[in-house]
Amino acid sequence: MIEIQEVSMVYPNGVNALKQVDMCVERGDFVFVVGESGAGKSTLIRLICREYLPSKGSIKIHGRDITRLRRWEVPMLRRNIGVVFQDFRLLNNRTVFENVAFAMQVIGSSGRDIRRRVPEALELVGLSDKAKMKPLELSGGEQQRVCLARAIVNQPLLIIADEPTGNLDPKTAMGIMDALKNINIRGTTVIMATHAKEIVDTMRQRVVVLGGGRIVRDERRGEYSHHGC
Amino acid sequence: MSVMSGGGNTLIMAVRNWVYYIKEAFSSIIRNGWMSFASIGVVTVTLFILGSFMLLNINVEHLTSEIKNQVEIIAYVDEGLVVDEVDKLRVSLIQMEKVEEVRFVSKQEALIRLQSQLGELVEGYSEDGRNPLRDSFEIRTIIPEDISEVAASLQAMPGIARVDYGTEVVEKLFRFTGAVQWIGLAFMIGLALTAMFLIANTIKLTVNARSREIMIMKYVGATEWFIRWPFLIEGVFLGTIGALIPVVILSYLYGQTVGWAKLNLYFLPLVSPEIVIEQMVRTLFVLGTFIGGVGSLISIRRFLKV
């Protein structure tokens with residue numbers, strides 16, 4: 001589903017964030033990307049969302065090289081990627097329902113679809129009873145669930161989560177992981193960048209370890225594997 | 001499923017999107033009540049000044065063209081010339097390239113004119129032989145600015161005694177009107193840019209306040225124009241309202257001024273309101289919507305980069 005080939009990334013300030021990275025993610029995979037700060041996790045994630053263009057190499061999603069997309073095609077790519085951030089990024093003046101509905105509204109979904117799919121998404125993350133509350137009335141874990149619901153409501157093929165549990169205590173974090181696992185079981189591919197070793201150990205999923213801008217280890221459920229495609 | 005899949009009925013989606021844009025634009029105007037008010041105020045003040053200046057400029061232009069059209073050369077004929085020679089002179093004057101009109105004024109005619117202007121003061125001169133005036137030609141040029149050149153060549157012609165065209169006055173007038181027009185133009189451009197800058201800044205505040213929304217919109221795949229339209233509509237609307245106010249006030253004030261001038265300053269030829277106001281309304285509305293629209297596009301540009 002995602003083929004990253006010989007990708008290097010040098011920022012305009014000269015920082016060489018990724019060096020010749022090869023990585024392949026199959027449809028339905030759950031992949032942790034771990035590594036120290038500055039190892040290149042965020043860069044990798046941003047490249048997949050096409051926030052940046054790599055200095056070298058190609059990134060194919062469903063066979064389509066996203067480094068060659070035209071400007072107007074980028075939004076179409078993003079409709080198939082749900083993004084979850086460490087700092088939630090919710091609209092605090094809107095209700096939970098409205099926050100999730102917003103993601104559908106802005107890509108032109110009909111009111112009928114919105115009324116059908118938003119409750120489904122909220123149910124999947126266990127927030128059906130909080131639909132009318134505002135984000136600031138919720139706990140951190142609940143806010144992150146709203147983000148999850150917002151990320152999945154457009155039924156993307158891929159969820160990208162950048163340190164989604166970074167601001168949460170371990171118990172709440174595990175709840176978020178359960179929700180993510182739930183989403184993954186339904187067929188959505190998940191790529192998650194994280195620092196949290198205990199989560200990675202508990203989940204027993206594929207782990208890609210980045211160090212100094214290179215993949216230093218790619219471990220599939222306890223076994224080492226070739227990280228290329 | 002393709003990576004590029006979109007979907008839905010295009011027409012229904014377009015209508016739905018436009019309902020969304022307009023709703024967003026107006027709810028933003030209301031939500032940012034004071035900011036919207038300030039934007040309208042800025043455009044209103046700017047366009048008010050601009051409109052006033054425009055009215056002034058149109059009238060100055062009108063006035064100078066009136067004066068320019070009245071500017072003429074008077075060429076006095078040598079006293080020794082006989083009638084035939086004077087007529088030849090007239091023909092050669094008419095044939096000059098830059099001359100539009102030549103009119104012969106006999107010394108008798110000149111005296112009658114003078115008498116009608118000065119009355120009793122020149123009464124004793126009416127008998128033949130006591131007329132101190134000369135025959136002359138009144139000459140208009142096609143372009144008023146050519147007057148000094150034509151006057152110089154007339155001066156050199158045999159049979160012409162003296163040329164008079166109020167040299168300094170005319171040249172000063174031309175220099176002055178030219179300067180007024182250039183200063184006016186520069187002033188107008190400066191004001192329009194200022195207004196655009198101010199409205200861009202005002203909308204930037206709105207955009208800033210909504211930067212999180214814009215970011216989310218980008219992440220979930222809203223198109224750039226989907227993000228832009230509400231701000232563009234907001235800017236254009238603020239600009240239009242900002243133009244409407246000075247249009248109404250200036251139209252009223254100008255009508256009143258022309259009415260007053262007709263009674264009190266009848267020698268001052270002001271351009272009639274119907275002509276001026278139409279031109280002003282068009283200019284101010286075009287400028288208002290342009291300033292608002294461009295201002296909002298400028299302020300949102302930075303946020304669309306990702």
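Residues numbered from 1 in each chain as written. Chains lettered and ligands numbered in written order. Predicted model: local features only at pLDDT ≥ 70, side-chain atom pairs only at ≥ 80, totals over all residues. Heavy atoms only, no water.

Chemist: Looking at this structure, how should I read the packing of aromatic side chains?
Modeler: Two numbers describe a pair of aromatic rings. These are the distance of the centres and the angle of the planes. Here the structure, examined in full by the defined rule, presents 13 aromatic pairs over all chains. When the ring of Tyr20 of chain B is compared with that of Tyr21 of chain B, the centres are 6.2 Å apart and the planes differ by 70°; the resulting orientation is edge-to-face. Neither residue differs from the other here; Tyr20 of chain B and Tyr21 of chain B are each classed as buried. With a centroid separation of 4.8 Å and an interplanar angle of 20°, the aromatic rings of Tyr20 of chain B and Phe226 of chain B are classed as stacked. Placement of the pair is Tyr20 of chain B in helix α1 (residues 10–31) and Phe226 of chain B in helix α8 (residues 224–264), with a sequence separation of 206 residues. Exposure class is identical for Tyr20 of chain B and Phe226 of chain B. Each is buried. Each member of the aromatic cluster is reached from another via a ring pair, and the members are Trp18, Tyr20, Tyr21, Trp225, Phe226 and Trp229 of chain B. A cation over an aromatic ring shows up here: Arg89 of chain A above the ring of Phe85 of chain A, its NZ or CZ 4.0 Å from the ring centre. (Phe/Tyr/Trp six-rings, centres within 6.5 Å; stacked < 30°, edge-to-face > 60°. Buried < 20%, exposed > 50% of the residue type's maximum accessible area, 1.4 Å probe, protein only. Helix = DSSP H or I, 4+ residues; strand = E, 2+ residues; numbered from the N terminus. Lys NZ or Arg CZ within 6 Å of the ring centre and 35° of its normal.)

Chemist: Teacher, can you tell me more about the nonpolar core here?
Modeler: In a soluble, globular protein the nonpolar side chains are often hidden away together inside. In terms of nonpolar packing, the biggest core is built from 65 residues, with Phe32 and Val106 of chain A touching the most fellow members. Not counting the four nearest positions on each side in its chain, Val106 of chain A is found in contact with Tyr20, Met217, Val220, Ala222 and Phe226 of chain B. Counting residues in each nonpolar core, the second largest holds 35 residues, with Met1, Val31, Ile61 and Val83 of chain A among its members. (Core = buried A, V, L, I, M, F, W, Y, C linked by side-chain atoms within 4.5 Å. Contact = heavy atoms within 4.5 Å.)

Chemist: Would you take a moment to explain the sheet that holds strand β4 (residues 160–164) of chain B for this structure?
Modeler: Residues and elements named next belong to chain B. On the basis of which strands lie adjacent, the open sheet formed by four strands has the order β2-β3-β1-β4 and antiparallel pairing. Bordering the open sheet on either side are β2 (99–105) and β4, each of which pairs with just one other strand. The average undirected angle you get between the axes of adjacent strands in this sheet is 20°. Here strand β1 (residues 73–77) pairs with β4 via four bridges, running antiparallel. The residue bridging Val77 from the neighbouring strand is Ile160, located in β4. Along the sheet face, helix α4 (residues 107–118) touches β2 and β3 (136–141) and points at about 85° away from the line of β2. Packing against the sheet, helix α5 (residues 147–155) makes contact with β1, β2, β3 and β4, and its axis sits at approximately 160° to β4. (Pairing = 2+ DSSP bridges. Axes fitted to C-alpha atoms, helices over the stretch in contact; angles between N-to-C directions.)

Chemist: Can you walk me through unusual backbone geometry in this structure?
Modeler: What you tend to see is this: most non-glycine residues have negative phi, and most peptide bonds are trans. Residues and elements named next belong to chain A. In the Ramachandran plot, Gln20 falls in the positive-phi region, its phi being about 50° despite a non-glycine side chain. Position of Gln20 among the secondary structure elements: in strand β2 (residues 16–25). In the Ramachandran plot, Arg50 falls in the positive-phi region, its phi being about 60° despite a non-glycine side chain. With respect to the helices and strands, the residue Arg50 is situated in the loop between α1 (41–48) and β4 (56–61). Assessed through its relative accessible area of 14%, Arg50 is described here as buried.

Chemist: I tried to follow the sheet that holds β2 of chain A on my own but got confused; where do I start?
Modeler: All names here are of chain A. Pairing within the open sheet is antiparallel, and its four strands lie in the order β2-β1-β4-β5. Two strands lie at the open edges of the sheet, namely β2 and β5 (64–65), each paired on one side alone. Judged from the five bridges that link them, strand β1 (residues 2–10) and β4 form a sheet pairing that is antiparallel. The residue of β4 that forms the bridge with Gln5 is Ser58.

Chemist: What exactly am I supposed to notice about the packing of helix α2 (residues 33–70) of chain B against helix α9 (residues 273–301) of chain B here?
Modeler: Packed helix pairs are characterised by how far apart their axes lie and by the angle those axes make with each other. Residues and elements named next belong to chain B. It is the contact of α2 with α9, at a shortest axis distance of 10 Å, that shows an interaxial angle of 145°. The hand of the α2/α9 crossing is right-handed. Where α2 abuts α9, its residues Leu47, Leu50, Gly51, Met54, Leu55 and Ile58 lie against Val276, Gln279, Met280, Thr283, Leu284, Leu287, Gly288 and Ile291. (Left-handed = near helix turned anticlockwise from the far one by under 90°.)

Chemist: Even after reading the chapter, I still don't get the pairing of β1 of chain B, so can you show me in this structure?
Modeler: On a regular strand, each side chain points to the face opposite its neighbour's, so the side chains alternate between the two faces of the sheet. Residue and element names in this part refer to chain B. Extensive coverage of β1 is indicated by the burial of four of its five residues. As judged from the four bridges shared by β1 and β3, these two strands associate in the antiparallel manner. Along β3, the bridge assignment pairs Ala75 with Phe137.

Chemist: Please clarify how the pattern of salt bridges should be interpreted in this entry.
Modeler: It is possible for side chains bearing opposite charge to pair when their charged atoms get close. Residues and elements named next belong to chain B. One pass over the structure, following the stated rule, counts 20 salt bridges over all chains. Arg103 is the partner of Glu138 in a salt bridge, and the nearest nitrogen-oxygen pair spans 2.6 Å. Here Glu138, found in strand β3, pairs with Arg103, found in strand β2; they are 35 residues apart in sequence, far enough to count as distant. We classify Glu138 as buried; its relative accessible area is 9%. Taking relative accessible area as the criterion, Arg103 reaches 36% and is therefore assigned partly exposed. Where Arg228 meets Glu224, a salt bridge forms, and the shortest distance between an N and an O atom there is 3.3 Å. Linking Arg228 with Glu224, this pair stays in helix α8, spanning four residues, or about one helical turn. With relative accessibility at 15%, the residue Arg228 sits in the buried group. (Salt bridge = Lys/Arg side-chain N within 4 Å of Asp/Glu carboxyl O.)

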